[in-house]
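# Coordinate inspection notes
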Amino acid sequence: MEEQFDYRTDILFQPEALQRVIDLYDPRVLEKVQERFANGSLDRVVIMGMGTSYFGSYPAAMHLTEAGIPVFWMDASELVTNYKKMITSKTLLWIISNSGKSIEITRYLTSLAAGGTRPFILANLNVTDSPLAREADLVVPIFSGDDLSLATRSLVGTLGVTQLMALQLAGEDLAPKREELQITQQGLAAYLKDIDAHLEEYEELVGVLDKVAIVGRGNGYAAALCAGLAFKEGPKIAGEAFTTGQFWHGPVELCDESYTVFTYAGDGFSLEEDRQLALKTASLGSQLIWIADEEDPELKTIVLPKYAGIGKPVAQVVPIQLVAINSGKHTGFRPGDFRYLGFAVSTKREMFTKDSA
């Protein structure tokens, strides 16, 4: 067995984190929000966050869009600096922040106290004594508990709870959605039971990384964003995330033998197109790692843990966490050991605090 350290501990805790979401999410908490949409006092949703809190809410934004609910998904630093006028008194401002005290959020809350337009604030967080918890009109816990290191258990919690909330606002029956998460939880637990075998498998499959791109669309794009951050924060590798389309509008020019491209298989009609683009990428000289439900005979493949339905983005984020552990052995940076940051960015003055993520 490999050395136990905080990042590995967090990874192994993720099935329990997801189980907490399944067991503890109570749909009754959103009833007054649903009433406000029904009576017209709310007319849009603006979702904001930073880092994995932001990336992990992308599937929820897609669910709302599919239901015809006007939704804007925005980086908190841009929203509160340049797009404040998007927020009206009829806005459901949905803020996701594990710590509830990131600098972008506390600055925005301070501006409200000074007389800014007041939306209805819905918050997802883990730290219940935070500024966001005190100022929000409604708080729905992430339930997963705090990470010991990089965002892992909180990311799984965010992916689980925000999707359930979005689907509830969209009028979906949550019972089958909980079952999908339960199947995913069981698949994740079985997968991580063999963590050492998977670490060895991925070391042989992937090897030493230099330049890295992570490509996907839909749920795969959310996973790619999380993976890119995991590479940068963990083994200190410049992993850059792209939508599948973005990659072919310029970044593909980087393809050579020093470039590794992780590509998430898409869903439905996009699956075959994504596969053909993956094959094309490999033909340009790059190492192509296909991340999919099953082994591909023509592509190096990381097979996802078993999942169902809305559990897919949860299954997609975990294998890259193991690749990050392996990569840290090559770069000399163990994931979870920060050089400059703490767990929450609470100031912009070259000082960072080791608070909750």
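Going by the structure above, here's the rest.
Each chain has its residues counted from 1, running along the sequence as written. Selection of residues for local features in this predicted model requires a pLDDT of at least 70, selection of side-chain atom pairs for listing and counting requires 80 or more, and totals for whole chains, interfaces and linings are taken over all residues. Only hydrogens and water are removed before side-chain values are computed, so all heavy atoms of the structure are retained for them.

## Focus: the side chain of T106
- Considering the arrangement of structural elements, one finds T106 in helix α6 (residues 103-113).
- A polar contact of 3.1 Å, which involves the side chain of T106, links it to the backbone oxygen of I103.
- The contact rule is simple, with two residues in contact once any of their heavy atoms fall within 4.5 Å. The contacts of T106, once residues within four sequence positions are left out, are K101 and P131. In DSSP terms, a helix is any run of H or I states spanning at least four residues, a strand is any run of E spanning at least two, and both are numbered starting from the N terminus. Side-chain atoms alone can form a polar contact between residues adjacent in sequence; in general such a contact is a pair of N or O atoms within 3.5 Å, and within protein one must be able to donate a hydrogen while the other accepts it.

## Considering the pattern of salt bridges
- Each reported salt bridge corresponds to a side-chain nitrogen of Lys or Arg within 4 Å of a carboxyl oxygen of Asp or Glu. In this structure the tally under the stated criterion is 14 salt bridges.
- Between R28 and D26 there is a salt bridge whose closest N-O contact spans 2.8 Å.
- What makes R28 exposed here is its relative accessible area of 60%.
- Among the ionic pairs, R217 bridges to D274, the shortest N-O distance being 2.5 Å. Here R217, found in the loop between β6 (211-216) and α11 (219-233), pairs with D274, found in helix α13 (residues 270-283); they are 57 residues apart in sequence, far enough to count as distant.
- A cluster of three or more residues bridged by salt bridges with shared partners is formed by R217, E273 and D274. Exposure is judged per residue with a 1.4 Å probe applied to protein chains only, and the accessible area is read against the type maximum: over 50% gives exposed, under 20% gives buried, and values in between give partly exposed.

## A look at the environment of L155
- Looking at the element boundaries, L155 is found in helix α8 (residues 153-169).
- Given the relative accessible area of 4%, L155 is considered buried.
- Note: C-alpha distance between L155 and Q246 (91 residues apart in sequence) is 24 Å.
- Other than its neighbours up to four places away in sequence, L155 contacts T52, G56, C226 and V317.

## Considerations on the layout of surface pockets
- Grid spacing is 1 Å over the protein atoms alone, the probe is 1.4 Å, and a cavity is where that probe fits but cannot get out, while a pocket is an open set with protein on both sides within 12 Å along at least five of seven lines and lining residues have an atom within 4 Å of a point. Grid points are joined across faces, edges and corners, and a volume is the space filled by probe spheres set on the points. In this structure, the second largest pocket encloses a volume near 360 Å³.
- Along its surface, the second largest pocket is lined by 21 residues, and M62, H63, E66, N219 and D267 are the ones closest to its centre.
- Among the secondary structure elements, those contributing two or more residues to the lining of the second largest pocket are α4 (58-66), α8, α11 and α14 (312-331).
- Top contributing element to the lining of the second largest pocket by residue count: α4, with 3 residues.

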